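Coordinate inspection notes
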Amino acid sequence: MKRRFAVVLPTLVAVAASLPIALATTPASAAASCGKTVADKDSSAWNKTADGANERSGSSTSCAINGIAYSTQRLDYHCYTVAGDYTWTYARNDGTGVYGWIRDDLLSDYGSSVYCGF
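The structure contained in this document is the topic of the report that follows. (Residues numbered from 1 in each chain as written. Predicted model: local features only at pLDDT ≥ 70, side-chain atom pairs only at ≥ 80, totals over all residues. Heavy atoms only, no water.)

1. Describing a nonpolar patch on the surface
Rules: In this analysis, a patch consists of residues with relative accessible area above 30% that form no salt bridge, clustered at 9 Å for like charges and at 5 Å for the nonpolar side chains Val, Leu, Ile, Met, Phe, Trp and Tyr. Per-residue accessibility takes into account occlusion by the displayed protein chains alone, with areas from the Shrake-Rupley method and a 1.4 Å probe. Salt bridge, as used here: a side-chain nitrogen of Lys or Arg that lies within 4 Å of a carboxyl oxygen of Asp or Glu. In DSSP terms, a helix is any run of H or I states spanning at least four residues, a strand is any run of E spanning at least two, and both are numbered starting from the N terminus. Throughout this description, buried means an accessible area under 20% of the type-specific maximum (1.4 Å probe, protein chains only), exposed means over 50%, and partly exposed covers the range between.
On the surface, Ile-65, Ile-68 and Tyr-70 cluster together into a nonpolar patch covering about 260 Å² of accessible area. Inspection of the secondary structure puts Ile-68 in strand 2 (residues 65-69). Of the residues examined, Ile-68 reaches a relative accessible area of 34% and is grouped as partly exposed.

Spelled out as structure tokens, the structure:
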């Protein structure tokens, strides 16, 4: 029994040691707090993708609404973050000049593809 454990133990240690590295390569679930702004990291083209989506001060429905984005307005995506079960894109509304976080499932192209880093 000890011999089997001695053979398996180095393999278990190697797997356990590689686990944090694998987890660190994916975005963590860390909401942008209310009032959080970010620089433009996404050089994507302007988009007309929202239809009555709330632009919020943070990546949570409990954050204040800064404005509403409509399909007739262009959005300049800055980056996205993960908050719980959703991803959120920080954008500037070209039609109104308002900045805010929009939940990606409310955008027809699902928002920015550039991770904010938090």
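2. Digging into the pattern of salt bridges
This model, assessed by the stated rule, comprises 2 salt bridges. Across the salt bridge formed by Asp-94 and Arg-92, the nearest N and O atoms sit 3.8 Å from each other. A salt bridge links Arg-103 to Asp-105, with the nearest nitrogen and oxygen atoms 2.7 Å apart. Look at Asp-105 and you get partly exposed, because its relative accessible area is 41%.

3. A few points about the side chain of His-78
Locating His-78 in the fold gives a position in strand 3 (residues 75-83). By relative accessible area, His-78 is classed as buried at 5%.

4. Section: unusual backbone geometry
Phi at Tyr-110 takes a positive value of approximately 65°, unusual for a residue other than glycine. Judged by relative accessible area, Tyr-110 falls into the exposed class, the value being 55%.

5. Side note on the state of the cysteines
Selection criterion: Two cysteine sulfurs form what is called a disulfide whenever their separation falls within 2.5 Å.
The final tally for this structure, using the stated rule, is 2 disulfides. A sulfur-sulfur distance of 2.0 Å marks the disulfide that ties Cys-34 to Cys-63. Of note, the bridge from Cys-34 to Cys-63 carries an S-S torsion of about -90° and is left-handed in sense. Here the residue Cys-34 occupies a position in the loop between helix 1 (2-24) and strand 1 (53-56), and Cys-63 occupies one in the loop between strand 1 and strand 2, the gap between them amounting to 29 residues. On the basis of relative accessible area, Cys-34 is assigned to the partly exposed category, the value being 45%. Each sulfur of the disulfide joining Cys-79 and Cys-116 lies 1.9 Å from the other. Disulfide Cys-79-Cys-116: torsion about the S-S bond near 95°, hence right-handed. Taken together, the positions of Cys-79 in strand 3 and Cys-116 in the segment after strand 5 (99-103) put the pair 37 residues apart, joining distant regions of the chain. Cys-116 carries the same exposure label as Cys-79, and that label is buried. Here the disulfide map of the protein chain reads 1-2, 3-4, the bonded cysteines being numbered as they appear in the sequence.

Without other data, these values stay purely geometric and don't point to any function.
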